[in-house]
Amino acid sequence: MTRRLEAASGASVGAPERRFESIPAAARLAAVLIAAAILMSFARGPIAVGQTTLNGLVSAGYLALGAVGLTLVFGTLRIINFAHGDLLTLGAYLTFGISALGLPFWPAAAVAVALTAVIAYALDFIIWEPMRRARTSTLQLFLVAIGLAIVIRYTIQFFAGSQVRGVGQDVLTSVNLGPFHLGALQALVLVVGVVAIAAVGLALAFTRLGKQIRALSDNMALAEVCGIDTRRAVRLIWLIAGGLAALAGVLYAAAVGSVNPNFGFFILLGLFTAAVLGGIGSAYGALAGGIVIGLAQEWSTLFFNTRWKPVVGFAILIVMLLVMPRGIFGGGRARS
Amino acid sequence: MSFFDLDFWVGVGVVAGIYGIFTLGLQLNVGFTGLINLGQAGFMCVGAYAMGMLVVDAGWPLGLAFPAAIVIAVAAGALVGLASLRLRADYFGIVTIAFSEIVRYVFQNAAFAGGNQGIIGYDAEWRAFQSWASERLAAIGLGEAAEVPLLVAVWATLLLCLAALRALQLSPWGRVLKAIREDEDAAAALGKNVFAFKLQSLGIAAALATIAGFFLAMNVTYLYPSEFDPSFTFFGYAVLILGGFASYGGVVVGAVLLCALTEGLRFLDLPLSAGQAGSLRFIIVGLILICLSMFRPQGLLGSKAEMQLRA
Amino acid sequence: MIGRRSLLTAMMAAATAAALLGGLSSARATDQVSLTIGKLLELTGPLSETGPSQDKAVSIAIDYANQSAAAAGVPLKITAVSADAQGDPQAALSAARALVAKGASAIVGPSITPESIAVANGLTIQKKVTLWPTGTAMRLRTIKDEGTIFRTVPPDSLQAYALAAALTDKMGDPKDKLLSIAYRNEPYGEGLAKGLVAAWTAKGGKVQGPVVFDPGQATFDSEAQQVVDNNPDAYVVIDYPDTFAKFGASLVRTGKYDASKLVVPDALAFSTVPSNIPPQALEGARGTRGGSDMSTEAYKLFDQLWTKAGGVEHFALDANSFDSTTLVVLAAAAAHSADAGAIAAKIHDVTRSGAPKFGPTTLGEALKAAWSGEPIDYVGVAGAFEFAANGDPTISRFDIYEYKGGKLDVIKQIDASK
């Protein structure tokens with residue numbers, strides 16, 4: 001109970017300030033990253049650093065897209081949505097299913113994104129909202145998320161089988177930028193990812209609904225008192241989260257070239273890391289977090305054996321939570 | 001034959017006992033201290049591997065390696081706690097799960113821990129004990145299934161831990177813990193070192209995880225990182241919620257029921273392909289988890305009143 | 001007074017009874033053997049990609065054996081039960097117990113060595129149930145399995161030599177030649193890579209890497225870059241098809257990759273390259289797999305059966321599971337029984353070195369010969385087994401193949417023990 005009161009009294013209309021706070025934070029982050037790249041070039045040569053940077057930015061694409069939905073839901077509804085990764089998988093597999101009915105890949109993907117958004121909303125309607133009304137504990141929400149993750153993943157596997165599925169897109173064409181190369185599809189993923197993040201971020205900053213959502217993530221009760229239609233905002237959050245997750249899943253599948261039903265869950269912790277790193281609740285933060293994690297993982301291969309790549313993300317997460325728990329863009333309180 | 005095969009159910013009993021001990025630690029954290037410990041499998045990994053490495057690499061006898069492993073796991077728990085207990089509850093959960101995954105990856109990749117080849121051969125003394133015990137049991141007519149000595153050992157330990165935890169809960173220490181769970185700030189205001197209590201709770205959970213890990217290692221005779229997946233922890237939480245929030249007895253009931261259910265489902269013969277049958281088992285477990293959390297979060301033996309964990 | 005009618009009825013009754021009894025005893029004389037084979041599959045978990053194809057491999061082996069037995073007049077009927085090992089030794093043990101409870105006399109699978117050891121130590125050794133894992137680790141040999149574990153996959157030590165031989169065949173003397181190695185981070189990859197590094201450096205070659213990649217990763221661009229850096233003379237990638245679909249694509253995208261420099265082991269051997277692996281990643285690449293002098297017809301038949309059954313595509317080591325199943329069936333025929341221990345005792349009799357040779361194309365005759373008690377030497381799709389005492393195949397013959405136009409073409413056979 002005490003924590004609620006603290007939150008209510010501490011809540012201000014802090015939303016507008018954050019938009020401007022984020023610029024120096026972004027600049028600082030960019031400066032740190034560029035400095036790191038320059039330093040590493042002395043050790044490993046600019047070409048190696050440049051190539052791994054490009055590779056890292058590609059990973060940042062799917063990490064960031066996946067993380068945005070996660071951070072919005074976590075930030076506003078305080079749900080650690082362990083099922084989020086499986087929404088990515090759902091998006092990818094729905095695309096396969098729909099394209100098997102005759103639609104070409106990208107239109108099928110668009111339909112799948114819309115469908116997943118609707119499913120995410122339906123899940124909120126059936127499961128999350130009743131629990132919110134009953135004011136259930138974090139533990140219960142967490143367990144429901146786990147259960148949901150299991151159900152979604154294994155239902156996909158039930159219908160689609162566990163074997164790896166090729167995506168049927170051209171994964172081999174490379175785009176050459178001087179001494180560097182990038183897969184054409186991967187470049188597409190990167191571009192779409194950045195555009196999507198920018199779009200979401202701008203919408204949050206400048207539309208009325210966006211401002212309402214930000215007010216919600218500060219304090220749900222206060223927002224209701226202020227007359228904000230929280231139910232509508234929540235519905236929209238789920239639609240956005242579900243849609244973006246599906247988009248991330250489709251792009252991941254397209255860029256990697258093949259998927260299996262476990263892939264969403266495998267990258268889930270990476271998504272959490274990106275979200276926490278960037279600051280819970282901040283869409284820009286998700287992008288920043290995705291970039292940092294993506295770059296860090298690829299840069300680590302310059303100095304450490306590639307087998308340690310997965311650990312890099314977790315290690316950064318722990319260090320972040322100990323040292324700078326509010327994240328780069330400083331959303332929300334992390335200490336109790 | 002088939003469904004009522006003795007060997008099979010003795011095996012299930014062993015697994016249920018292991019999960020029981022594991023989840024007793026979770027219950028202490030979640031039900032009685034208010035900590036969402038998602039890294040219990042990581043503590044189990046540290047403890048089991050420590051024991052395995054001490055026996056195989058350093059040549060220690062099992063009887064010494066096991067207590068030493070508990071100490072090491074508790075130290076790991078203390079480390080994690082010191083670093084992250086000041087974070088808010090859900091962030092703490094994420095840190096513990098990241099810790100658990102790091103541990104698993106390290107053991108999978110580091111040469112000192114056997115890497116992908118895992119560790120084997122640490123159970124010679126246990127096997128000797130087991131065959132001696134089997135002979136004794138055969139003499140009194142209980143020698144049917146090979147795993148009976150292990151079953152007895154696991155369950156004896158489980159019930160001992162249960163009794164110990166119950167006693168602990170009734171002690172002054174336990175009462176402070178409950179106060180912390182219900183209102184941290186009030187407890188702190190009364191002069192209790194909340195942080196220290198939480199740390200102790202985490203340490204005890206790590207010890208219990210190690211004990212569970214010991215039996216797991218003996219059951220499987222091979223230490224391999226995939227045994228210490230986060231899904232082990234998630235399953236433990238399923239046991240916890242089924243058995244009942246803040247009920248140690250419930251943990252035992254929950255473990256038996258859930259293990260019996262998930263393993264028993266192996267015998268369900270539906271006109272499905274093998275792959276689909278495999279997926280279906282998991283879908284059923286997931287649905288149970290969702291329904292329980294939504295409709296009967298206090299589980300079988302817990303009480304709703306105890307569930308006002310956090311608003 | 002016994003009327004004629006009642007006498008007639010009595011005689012008919014007696015005749016019927018006699019016929020029935022005679023029928024029964026003749027049924028006993030032909031003693032139909034009902035064998036149940038357990039499939040311990042990875043259906044969920046990290047290796048779940050292998051599950052469906054292993055399932056199919058065992059199923060088609062069973063169907064084919066049933067047909068062959070019926071055609072040859074051998075009274076053997078085989079059925080299958082399956083269980084999910086979930087990629088976890090604890091679950092694998094439980095699954096194995098379920099299989100035995102459901103009546104399995106032999107277990108085909110599991111796919112990874114830690115699971116195999118858990119199952120062996122916990123169950124199969126004690127119950128004398130033969131276990132046929134597809135793990136290749138050397139670890140499995142250190143277990144005192146009392147003759148219950150058999151493998152139809154060549155152990156890492158031999159395959160490492162075969163890979164070295166295939167490389168030498170391609171580029172001549174290994175001395176000072178740079179070999180770039182990459183492997184998938186799990187027991188199969190690690191074991192084989194270690195053996196290869198040792199074999200190659202012993203011949204004076206140089207090694208770059210090994211680059212270790214985690215199968216769960218999304219992209220492998222940085223890892224692929226490390227493989228093709230410094231323009232090595234050859235690469236060896238030890239991987240399963242699902243990850244190779246991604247890794248291969250990354251290799252091609254580096255722009256510096258030459259598929260003809262690649263050599264792969266048996267896990268990447270398929271008669272036709274699966275659709276999700278980019279053809280450019282394997283075109284012109286070479287590889288090794290267990291072989292026999294009957295390899296070509298055997299693989300043709302296996303391929304036919306596989307395609308006719310529809311369903312999933314080829315995957316790693318599916319031929320080996322097909323062979324394991326067939327060997328169990330043959331041993332049951334030789335033992336006239338579905339008892340696990342009896343089958344275990346007969347495995348060596350159906351793979352006796354020097355005995356008349358049979359292959360998948362002559363399975364009917366093989367069954368007949370085994371049933372009549374003669375020792376035979378069954379040469380499977382993946383090679384001749386002739387098990388050593390510890391259940392490892394003494395298979396030393398390896399096929400060296402090349403991928404031409406997406407299809408596997410055997411170009412040579414070598415004896416890895418030389």
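Residues numbered from 1 in each chain as written. Chains lettered and ligands numbered in written order. Predicted model: local features only at pLDDT ≥ 70, side-chain atom pairs only at ≥ 80, totals over all residues.

Enquirer: Would you mind showing me how to read the overall build of chain A here?
Expert: Regarding its fold elements, chain A presents 13 helices and four strands. By the burial criterion, 57% of the 336 residues in chain A qualify as buried. Across chain A, the fraction of contacts at a sequence separation of at least 24, relative to all contacts at a separation of at least 6, is 76%. (Helix = DSSP H or I, 4+ residues; strand = E, 2+ residues; numbered from the N terminus. Buried ≥ 20, exposed ≤ 12 C-beta atoms within 10 Å, placed from the backbone. Contact = placed C-beta atoms within 7 Å.)

Enquirer: Even after reading the chapter, I still don't get the overall build of chain C, so can you show me in this structure?
Expert: Of the regular secondary structure elements, chain C holds 13 helices and 14 strands. For chain C, the C-alpha radius of gyration of 24 Å lies close to 22 Å, the compact-globule estimate for 418 residues. Here the C-alpha coordinates of chain C stretch approximately 110 × 40 × 40 Å along the principal axes. Looking at chain C residue by residue over its 418 residues, the buried ones come to 64%. By sequence separation, contacts in chain C at least 24 residues apart represent 70% of the contacts at least 6 residues apart. (Rg over C-alpha atoms; globule rule 2.2 N^0.38 Å.)

Enquirer: Would you mind going over the interface of chain C and chain A with me for this structure?
Expert: Interface size is commonly expressed as the accessible surface area that is lost when the partners come together. Every contact between the two is made by 33 residues of chain C and, on the other side, 31 residues of chain A. Contributing elements (two or more residues each) for the side of chain C that touches chain A: helix H2 (50–72), strand S6 (206–213), helix H7 (221–228) and helix H8 (241–253) of chain C. No other element matches H8(C), which puts six residues into the side of chain C that touches chain A. Among the residues making up the side of chain C that touches chain A, the classes are represented as eleven nonpolar, 15 polar and seven charged. (Nonpolar A, V, L, I, M, F, W, Y, C, P; charged D, E, K, R; others polar.)

Enquirer: Looking at this model, I keep getting lost on the pairing of strand S2 (residues 174–177) of chain A. Mind explaining?
Expert: Here four bridges tie S2(A) to strand S3 (residues 180–183) of chain A, and the two strands are oriented antiparallel to one another. If you follow A:Asn176 over to S3(A), its bridge partner there is A:His181. (Pairing = 2+ DSSP bridges.)

Enquirer: Hey, could you run me through unusual backbone geometry in this one?
Expert: Excluding glycine, a negative phi dihedral is what most residues carry, and trans is how most peptide bonds are arranged. Residue and element names in this part refer to chain C. In this structure, the amide linkage connecting Gly-109 to the following residue, Pro-110, adopts the cis form with an omega of -10 degrees. Following the sequence through the fold, Pro-110 ends up in the loop between strand S3 (106–108) and helix H4 (113–127). Geometrically, the link from Gly-209 to Pro-210 is a cis peptide bond, its omega value of 5 degrees lying close to zero. As for its position among the elements, Pro-210 is in strand S6.

Enquirer: I keep staring at the sheet that holds S3(C) and nothing clicks. Help me out?
Expert: Pairing between sheet strands relies on hydrogen bonds along the backbone, with the strands arranged either parallel or antiparallel. Residue and element names in this part refer to chain C. Spatially, four strands are ordered S2-S1-S3-S4 in an open sheet, and the strand pairing comes out parallel. At either end of the open sheet lies a strand with only one pairing partner, and these are strand S2 (76–84) and strand S4 (130–132). Averaged over neighbouring strand pairs, the angle between their axes works out to 25 degrees when direction is ignored. In the packing of helix H11 (residues 318–335) onto the sheet, contacts are made with strand S1 (33–41), S2, S3 and S4, and the angle to S1 comes to roughly 155 degrees. (Axes fitted to C-alpha atoms, helices over the stretch in contact; angles between N-to-C directions.)

Enquirer: Help me understand the environment of A:Gly168, please; the structure alone is not making it clear to me.
Expert: By the element assignment, A:Gly168 lies in the loop between strand S1 (165–166) and S2. Along the sequence, A:Gly168 and A:Asp86 sit 82 residues apart, while their C-alpha atoms lie 21 Å from each other.

Enquirer: Can you walk me through the packing of helix H11 (residues 263–278) of chain A against helix H13 (residues 309–323) of chain A in this structure?
Expert: What describes two packed helices is the angle between their axes and the distance between those same axes. Residues and elements named next belong to chain A. Interhelical geometry of H11 versus H13 gives an angle of 30 degrees and a closest axis separation of 9 Å. Taken together, the axes of H11 and H13 are roughly parallel relative to one another. The element H11 and its partner H13 pack so that their crossing is left-handed. Counted together, Leu-269, Gly-270, Thr-273, Val-276 and Leu-277 of H11 and Gly-313, Phe-314, Ile-316, Leu-317, Met-320 and Leu-321 of H13 form the full contact between these two elements. Class assignment of the residues belonging to the contact of H11 with H13 gives a composition of eight nonpolar, three polar and no charged. (Parallel < 35°, antiparallel > 145°, perpendicular 65-115°, else oblique. Left-handed = near helix turned anticlockwise from the far one by under 90°.)

Enquirer: Looking at this structure, I do not really get the domain arrangement of chain C. What am I missing?
Expert: Residues and elements named next belong to chain C. Partitioning chain C into domains gives domain 1 (33–154 + 295–396) and domain 2 (156–289 + 398–415). Relative to domain 2, the C-alpha centre of domain 1 lies at a distance of 28 Å. Between domain 1 and domain 2, the residue contacts involve 19 residues of the former and 21 residues of the latter. The greatest single-element share of the side of domain 1 that touches domain 2, amounting to four residues, is contributed by helix H10 (residues 295–309). Residue composition of the side of domain 1 that touches domain 2, grouped by class: nine nonpolar, seven polar and three charged. (Domains from an automatic or database assignment.)

Enquirer: For this particular structure, what's the right way to read the environment of B:Leu300?
Expert: All names here are of chain B. When you line up the elements, Leu-300 lands in the segment after helix H12 (274–295). Judged by the 16 C-beta atoms lying within 10 Å of it, Leu-300 falls in the partly exposed class. For the pair Leu-300 and Leu-242, spaced 58 residues apart in sequence, the C-alpha separation works out to 6.0 Å.

Enquirer: Which parts of the structure should I look at to understand the nonpolar core?
Expert: Looking at soluble globular proteins, one finds that nonpolar side chains tend to be buried together. A:Ala64, A:Ala145, B:Met51, B:Ala73, B:Leu208, C:Leu330 and C:Ala332 are the most contacted members of the largest nonpolar core, which has 367 residues in total. If one sorts the elements of this core by residue count, helix H10 (residues 230–256) of chain A sits on top with 18 residues. Split by domain, the residues of this core number at least three in each of domain 1 (33–154 + 295–396) and domain 2 (156–289 + 398–415) of chain C. Residue contacts for C:Ala332: discarding those within four places in its chain leaves C:Val33, C:Leu35, C:Leu76, C:Ser337, C:Ala338 and C:Ile343. (Core = buried A, V, L, I, M, F, W, Y, C linked by C-beta atoms within 7 Å.)

Enquirer: Before we go on, may I ask you to explain the interface of chain A and chain B in this structure?
Expert: In this assembly, 44 residues from chain A lie in contact with 42 residues from chain B. When contributions to the side of chain A that touches chain B are tallied by element, the ones reaching two or more residues are helix H1 (2–10), helix H5 (105–133), helix H6 (138–160), H11 and H13 of chain A. With 15 residues, the single largest contributor to the side of chain A that touches chain B is H6(A).

Enquirer: Sorry if this is basic, but what is going on with the sheet that holds strand S9 (residues 286–290) of chain C here?
Expert: All names here are of chain C. A sheet is described by the order of its strands in space; here seven strands give the open sequence S6-S5-S7-S8-S9-S13-S14, paired in mixed fashion. Each edge of the sheet is formed by a strand with only one pairing partner; in this case those strands are S6 and strand S14 (407–415). Each adjacent strand pair in this sheet contributes to an overall mean axis angle of 25 degrees, direction not counted. Judged from the eight bridges that link them, strand S13 (residues 397–404) and S14 form a sheet pairing that is antiparallel. Paired with Tyr-401 across the two strands is Val-410, which belongs to S14. Most of the contacts of helix H5 (residues 156–171) go to S9, to which it runs at about 145 degrees, and overall it touches strand S5 (178–184), strand S7 (234–238), strand S8 (262–264), S9, S13 and S14.

Enquirer: Help me out: how do you make sense of the environment of A:Val200 in this one?
Expert: In this structure, A:Val200 sits in helix H7 (residues 184–206). Apart from the residues within four sequence positions on either side, A:Val200 is in contact with A:Val68, A:Ile240 and A:Ala283.

Enquirer: I would appreciate a short explanation of helix H6 (residues 187–202) of chain C in the present structure.
Expert: Since the α-helix turns once every 3.6 residues, residues separated by three or four places project in the same direction. Residue and element names in this part refer to chain C. In this model, H6 (16 residues) spans 23 Å end to end at C-alpha, consistent with the 22 Å of a helix rising 1.5 Å per residue. For H6, the complete set of buried residues consists of Pro-187, Tyr-188, Gly-189, Glu-190, Gly-191, Leu-192, Ala-193, Gly-195, Leu-196, Ala-199 and Trp-200. On the buried face of H6, the contacting elements are H4, H5, S5, S6 and S7. Directly beyond the C-terminal end of H6, a positive phi value near 95 degrees is found at Gly-204. (Expected span 1.5 Å × (residues − 1).)

Enquirer: I tried to follow the pairing of S9(C) on my own but got confused; where do I start?
Expert: Moving residue by residue along a regular strand, the side chains alternate between the two faces of the sheet. Residue and element names in this part refer to chain C. In terms of burial, S9 is a largely internal element, five of the five residues being buried. Bridge count between S9 and S13: five bridges; the pairing is antiparallel. Looking at S13, one finds that Arg-289 is bridged to Asp-399.

Enquirer: For this particular structure, what's the right way to read the confidence of the model for chain C?
Expert: Keep in mind that low pLDDT regions are not for reading the predicted coordinates in detail. Residues and elements named next belong to chain C. Confidence along chain C averages 85 in pLDDT terms, with 92% of residues attaining 70 or more. Counting interchain partners and residues more than four positions distant, the pLDDT-below-50 stretch residues 18–29 has zero contacts. Both scores are available for the predicted complex, with the pTM at 0.87 and the ipTM at 0.89. (pLDDT = per-residue confidence, 0-100.)

Enquirer: It is not clear to me how H10(C) should be interpreted in this structure. Could you clarify?
Expert: Residues and elements named next belong to chain C. Over its 15 residues, H10 runs 21 Å from end to end, which matches the ideal 21 Å to within 8%, given 1.5 Å per residue. All buried positions along H10 are accounted for by Ser-295, Ala-298, Tyr-299, Phe-302 and Trp-306. Buried residues of H10 fall within an arc of 95 degrees about the axis and therefore sit on the same side. Residues Thr-296, Gln-304 and Lys-308 are exposed on H10 and point more than 90 degrees away from its buried face. On its buried face, H10 is in contact with H2, H11, strand S11 (377–380), S13 and S14. Positive phi shows up at Gly-310, right after H10, with a value of about 65 degrees. (Arc of directions from axis to C-beta.)

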